[in-house]
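# Working through the structure, step by step
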Amino acid sequence: NNYRSTLPPIEVARLNQRALSLSSEFDTTIYPQLREAFGSERVPGIDNDPKITILLHNMKKGVGGYVRNADGFERSVAADSNEREMIYINIEEILNNDLGPAYIAHEFQHIITFNQKTVLRGLDEEKWLNEARSEYAPTLLGYNKEFSGSYLKKRVGEFLAHPSEALLDWRGRSIDHASVSLFMHYLVGRYGVDILGSMMAANSVGSASINEALASLGKEERFADVFQDWVLAVYINSSVDGEPQKYKYRDGNLSFGNLHVLPTTTFRMYDN
């Protein structure tokens, strides 16, 4: 409301329409499809209300949104808790581009993870894998079908600019999001969307949950094997004799033309 009071009437009307459109998209697409893939959020929740709160507010430029695990606890445990299942979205991003549904999908996956891992299993998911699943959520919902201007294209550009960022060394930067996004797109492309629910249902976190998911799907590979294959896939990204699918992305938007890392080697022999 504070932000809206600074806008001229025509922009207020546009913001109201965007909010209504996002609400409808959440109810009809994001909520049911992500629950089917990942599992349920806590229902009726800490506030005894089955609805999800989405707060639009001003954030620093470049941030799409966030969630706070503290909101899932009573104030006697977390003093600044809002005591509700709650997503925060950058209001200027909602007004100035069409990525609102992708941002909300990303954050809702975190709400589901909090229930599936923390509430039901007493675990704290490793941040890199929690973010990796959220990065895949917009693709799962079809928001990246049109590659131009998409959430996914943004991540591909960031990855190609910094392809050596360590997958597990999570520091919360955009380039960290890019690397985990590209890994998860490879993983799901190779093993199918069922691996998402399987790793969420695992009684473990991080790479151990991927191992558990692969075993439950009857696969022989483990995380270390998949990681090694993925590293080769981002260089080769095409069919190889005897392994037509192993070293390539299945998503047409992630074909060789859009995604391949140029191998480089630097030899330094003298200080000059």
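Located above this text is the structure these notes cover.
In short, a report on the structure. Counting of residues starts from 1 at the beginning of each chain's written sequence and follows it residue by residue. This being a predicted model, a pLDDT of at least 70 is required before a residue's local features are given, and a value of 80 or more before pairs of side-chain atoms are given or counted; all residues contribute to the totals for chains, interfaces and linings. Each side-chain value is worked out from all heavy atoms of the structure, with water and hydrogens disregarded.

### A word on the overall build of the chain
Starting at the N terminus, helices and strands are each numbered in turn, a helix being any DSSP run of H or I of at least four residues and a strand any DSSP run of E of at least two. Across its full length, the chain holds nine helices and three strands. Just to be clear, the radius of gyration here is over C-alpha atoms, and the globule rule we use is 2.2 Å times residues to the power 0.38. Against the 2.2 N^0.38 benchmark of 19 Å for 272 residues, the chain shows a C-alpha radius of gyration of 20 Å, consistent with a compact globule. Along the first, second and third principal axes, the C-alpha set of the chain runs to 60 × 45 × 40 Å. Burial here depends on accessible area, computed with a 1.4 Å probe over protein chains only, as a share of the maximum for the residue type. Under 20% is buried, over 50% is exposed, and the range in between is partly exposed. Every one of the 272 residues in the chain was classed for burial, and the buried ones make up 43%. Of all intrachain contacts in the chain linking residues separated by at least 6 positions in sequence, the fraction that spans at least 24 positions is 64%. Contact criterion: two residues are considered in contact whenever any of their non-hydrogen atoms come within 4.5 Å of each other.

### A word on the environment of Ile89
Looking at where Ile89 falls in the secondary structure, it is placed in strand β3 (residues 86-90). C-alpha of Ile89 to C-alpha of Thr266: the two residues are 177 residues apart in sequence and 42 Å apart in space. If we skip the residues at most four places from it in the chain, Ile89 touches Ile54, Leu55, Leu56, His57, Met59, Gly64, Gly65, Ile94, Tyr103, Ile104 and Glu107.

### Examining the packing of aromatic side chains
Each Phe, Tyr or Trp ring, with Trp reduced to its six-membered ring, pairs with another whose centre is within 6.5 Å; inter-plane angles below 30 degrees give stacked pairs, above 60 give edge-to-face pairs, and intermediate values give tilted ones. All chains considered together, the criterion is met by 14 aromatic pairs. Plain terms: the ring middles of Phe26 and Phe108 are 5.3 Å apart, the flat faces sit at 80 degrees to each other, and that makes the pair edge-to-face. Of the two residues, Phe26 is situated in helix α1 (residues 9-38) and Phe108 in helix α3 (residues 100-121); the sequence distance between them amounts to 82 residues. For the pair Phe26 and Phe108, one class covers both residues: buried. One aromatic cluster in this structure is built from Trp128, Phe159, Phe183, Phe223, Phe227 and Trp230.

### Quick notes on helix α4 (residues 127-140)
In a helix, the anticipated span is given by 1.5 Å times the number of residues less one. When the terminal C-alpha atoms of α4 are compared, their 20 Å separation across 14 residues agrees well with the 20 Å that a helix rising 1.5 Å per residue should span. In terms of burial, α4 is largely enclosed, as 12 of its 14 residues are buried. Restricting attention to buried positions, one finds in α4 the residues Trp128, Leu129, Asn130, Glu131, Ala132, Arg133, Ser134, Glu135, Tyr136, Ala137, Pro138 and Thr139. At the exit of α4 stands Gly142, carrying a positive phi of roughly 85 degrees.

### A look at the environment of Ser216
Mapped onto the fold, Ser216 is located in helix α8 (residues 206-216). Distance from Ser216 to Ile195, taken between C-alpha atoms, is 8.9 Å for residues 21 residues apart in sequence. In protein, a polar contact requires one atom able to donate a hydrogen and another able to accept it; more generally it is a pair of N or O atoms within 3.5 Å, and residues adjacent in sequence count only if both atoms are side-chain atoms. Of note is the side chain of Ser216, whose polar atom sits 2.7 Å from the backbone oxygen of Ala213.

### Let's talk about the side chain of Thr113
Tracing the backbone through its elements, the reader meets Thr113 in helix α3. A relative accessible area of 2% means that Thr113 is categorised as buried. Every residue in contact with Thr113, bar those within four places of it in the chain, is listed here: Thr118, Glu125, Asn130, Arg133 and Met200.

### Some details on the sheet that holds strand β1 (residues 53-57)
Two strands pair under a simple rule: DSSP has to find at least two bridges between them. Ordered by their spatial adjacency, three strands build an open sheet running β1-β3-β2, and the pairing between neighbours is mixed. Where the open sheet ends on each side, the last strands, each with one partner, are β1 and β2 (65-66). Two strands pair when backbone bridges link them, and β2 and β3 are joined in this way by two bridges, in the antiparallel orientation. If you follow Tyr66 over to β3, its bridge partner there is Tyr88. Comment: axis = line fitted to C-alpha atoms, over the contacting stretch for helices; angle = value between 0 and 180 degrees taken between N-to-C directions. Sheet strands in contact with α3 are β1, β2 and β3, and its direction is about 155 degrees off that of β3.

### Focus on unusual backbone geometry
Cis geometry is found at the peptide bond from Val43 to Pro44, where omega equals 5 degrees. Within the secondary structure layout, Pro44 lies in the loop between α1 and β1. Although it is not a glycine, Glu83 sits at a positive phi angle of roughly 50 degrees. Accessibility expressed as a relative area gives 24% for Glu83, which makes it partly exposed. Of note, the phi angle at Asn237 is positive, near 45 degrees, even though the residue is not glycine. Mapping Asn237 onto the fold places it in the segment after α9 (223-236). Asn237 gets classed as buried once you look at its relative accessible area, which sits at 4%.

### Some words on the side chain of Ser179
In this fold, Ser179 is placed in helix α6 (residues 174-191). Overall, Ser179 belongs to the buried group, its relative accessible area being 1%.

### Focus: helix α7 (residues 194-201)
Note: α-helices contain 3.6 residues per turn, so residues at a spacing of three or four share the same orientation. Taken residue by residue, α7 has Ile195, Leu196, Ser198, Met199 and Met200 as its buried positions. For α7, the elements touching its buried residues are α1, α3, α4, α6 and α8.

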